[in-house]
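Listed below, chain by chain, are the residues.
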Amino acid sequence: MSATEQLQKRFDAVLMPNYGTPPVALVRGEGCRVVDADGRSYLDLIAGIAVSSLGHGHPALVKAVSEQTARLAHTSNLFLHEREVELAEKLVEKIGAPARVFLANSGTEANEAALKLVRRAAGPERTYYVSTVAGFHGRTSGSLAITGKPAIRDPFGPFGMDVRFVPHGDAAALREAVTDQCVAVFVEPVQGEAGVVPAAEGYLAAVREICDATGAAFVLDEIQSGIGRTGRWFAHQAEGVLPDVLTLAKGLGGGLPIGACVGLGRYGTVFAKGDHGSTFGGNPVAAAAALAVIDTIEREGLLDSVTELGELLAAEIAAIDHPLLAGVRGVGLWRGIQLTAPVSGHVQARAADAGFLVNAVTPDVVRIAPPLVITREEILEFTGALPDVLAAAARDAEEDARR
Ligand SMILES: *Cc1c(COP(=O)(O)O)cnc(C)c1O
């Protein structure tokens, strides 16, 4: 048995089966490369689901986390510390408008904070929420209730919340659904878990306008899109539209668990003392990591390179002529390779065989979300290998069909 198989056997014996058995066991990483339990090396093009924004072992992240751990790892919220203040200051500065921050430990917790916040702001008169079909907001009960994926949502209802789902990007459907009885509208600028699906241009402006007209809160989930992934600090900056509440996580901590719920304008002061809390939220080590991420994105000029390399990645994929390839969509270093058949699992497996980690996000889309520090050479290494990966996946699919 290989070292990976041995670990998988132990994993299966003691971890719940909710993830299935992951095919690769990772041991260490450096830059955009990771190494598995059997010594195989991979180019990491998924970055732990758009999280490891600085890649692996980045000196700035290592320094920030180790120094902060040595100095003071935890305070709880009975005591304040400078890192959480600095981080909130940085986030407000990047948003460029008056705002206040609540720090949590994950994306779903950021959305839970947002759910409580908008309910508190609306009071009990408003009765329902609007969210989007195929949208994803997390796995805890509140964030799952506003998640538009029946396969993961339905087994866990009822949720005790009236949530109405409208197609993502459809301003007319949203206008129809949102009245002065609506608490809040939850949307993603680009639906990551649906297969990196951007909304049509002008959609966020329409959401803003509909929320202004009805008094519903506009909650923008930038948990996957935020902190440089699209070539801007936040995806909404491409449209010049501000939400009422912004949620962040994933890339913010560069691999350390952290989330943030940001209330803009009057939504910054909805929570009164005692209304919400988290023992770990705003933890000094996670906050130090987030500060290192933001500082490194600035110092290394990563927003520009994300835009440039994202366009290179998309152009190189689009130039490939293969019957399995339907197209490529997305923005920045966040792309969905669209397939003509539901064989993304084969593509993911064949890519791993060839030394590339990608993600079969839906049956016919392969998601690419590499570290923001990826180089031109590394991108070309992947796109150069992609035709052979697709050919191998096509052979696997043919074999499936024969069985
Ligand atoms: C990943 C994700 C979440 C949930 O974040 P967790 O940290 O896994 O709880 C919520 N919304 C979006 C858009 C996400 O991509």
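Residues numbered from 1 in each chain as written. Predicted model: local features only at pLDDT ≥ 70, side-chain atom pairs only at ≥ 80, totals over all residues. Heavy atoms only, no water.

The protein chain has the name Acetylornithine aminotransferase in an unreviewed UniProt entry, where Thermobifida cellulosilytica TB100 is given as its organism. Looking at the Subunit (unreviewed entry) heading of the UniProt record, one finds this comment for the protein chain: "Homodimer." (UniProt positions renumbered as here; feature names shortened; annotations may be inferred.)

Sequence positions flagged by UniProt for "binding site: N(2)-acetyl-L-ornithine" (unreviewed entry) are, in local numbering, Arg 139 and Ser 278. Here Arg 139 lies in the loop between β5 (128-132) and α6 (141-145). Excluding residues within four positions of it along the chain, Arg 139 makes contact with Thr 108, Leu 144 and Ile 152. When you line up the elements, Ser 278 lands in the loop between β12 (259-264) and α10 (284-299). Given a relative accessible area of 17%, Ser 278 falls into the buried group. Not counting residues within four places of it along the chain, the set of residues in contact with Ser 278 comprises Asn 77, Phe 102, Asn 105 and Glu 109. (Helix = DSSP H or I, 4+ residues; strand = E, 2+ residues; numbered from the N terminus. Contact = heavy atoms within 4.5 Å. Buried < 20%, exposed > 50% of the residue type's maximum accessible area, 1.4 Å probe, protein only.)

With that out of the way, let us pick up the site of the ligand. Every residue close to the ligand is listed here: Ser 106, Gly 107, Thr 108, Asn 111, Phe 136, His 137, Gly 138, Glu 188, Asp 221, Ile 223, Gln 224 and Lys 250. Between the ligand and Asp 221, the relevant distance is 2.7 Å, taken from a nitrogen atom to a side-chain nitrogen or oxygen of the residue. In this structure, an oxygen atom belonging to the ligand sits 2.6 Å away from a side-chain N or O atom of Lys 250. Relative to its free-state accessible area of 390 Å², the ligand is covered by the protein chains to the extent of 83%. Of all the elements, helix α5 (residues 107-122) adds the most residues to the shell around the ligand, at 3 residues. Partitioned by chemical class, the residues of the shell around the ligand number 2 nonpolar, 7 polar and 3 charged. (Near = heavy atom within 4 Å. Polar contact = N/O pair within 3.5 Å; in protein donor to acceptor, adjacent residues only side chain to side chain. Areas by Shrake-Rupley, 256 points an atom, 1.4 Å probe, with all protein chains shown as cover. Nonpolar A, V, L, I, M, F, W, Y, C, P; charged D, E, K, R; others polar.)

Along the chain, Gly 157 connects to Pro 158 via a cis peptide bond; the corresponding omega equals -5°. Here Pro 158 lies in the loop between α7 (150-153) and β6 (162-166). In this structure, Ala 47 is a non-glycine residue whose phi angle is positive, near 50°. Positionally, Ala 47 belongs in helix α2 (residues 47-50). Residue classification places Ala 47 among the buried residues on the basis of a relative accessible area of 0%. Of note in this structure, Val 196 is not a glycine but carries a positive phi near 55°. Structurally, Val 196 is set in the loop between β8 (190-191) and β9 (197-198). For Val 196, a relative accessible area of 0% gives the class buried.

For soluble globular proteins, the rule of thumb is that nonpolar side chains tend to be buried together. Within the largest apolar cluster, 82 residues are counted, with the highest numbers of intra-cluster contacts made by Leu 87, Leu 252 and Phe 382. By residue number, the principal contributor to this core is α10, which donates 9 residues. A domain-level breakdown of this core finds at least three residues from each of domain 1 (3-57 + 301-402) and domain 2 (72-299). Sequence-distant contacts of Leu 252, that is, excluding residues within four places in its chain, are made with Leu 87, Leu 91, Ile 227, Ile 258, Ala 260, Ala 290, Val 293 and Ile 294. In this structure, Leu 144, Val 219, Cys 261 and Val 270 belong to the second largest nonpolar core, which totals 24 residues. (Core = buried A, V, L, I, M, F, W, Y, C linked by side-chain atoms within 4.5 Å. Domains from an automatic or database assignment.)

Before going further, it helps to spend a moment on the sheet that holds strand β3 (residues 41-44). Reading across from one edge, β1-β2-β3-β15 is the order of the 4 strands in this open sheet, with mixed pairing throughout. Sheet topology places β1 (26-30) and β15 (356-357) at the edges, where each strand pairs with a single neighbour. In the sheet, strand β2 (residues 33-36) pairs with β3 via 3 bridges, with the strands oriented antiparallel. Looking at the pairing, Val 35 lines up with Ser 41 of β3. (Pairing = 2+ DSSP bridges.)

What follows deals with the domain arrangement of the protein chain. Along its sequence, the protein chain is carved into domain 1 (3-57 + 301-402) and domain 2 (72-299). The straight-line distance from the C-alpha centre of domain 1 to that of domain 2 is 27 Å. For the domain 1 and domain 2 pair, buried surface summed over both sides reaches about 2200 Å², with 63% attributable to carbon and sulfur atoms. When the area that domain 1 buries against domain 2 is broken down by residue, the three leading residues are Leu 54, Leu 303 and Trp 334, summing to 31%. Between domain 1 and domain 2 we count 1 salt bridge in total. (Buried area = accessible area lost by both parts, 1.4 Å probe. Salt bridge = Lys/Arg side-chain N within 4 Å of Asp/Glu carboxyl O.)

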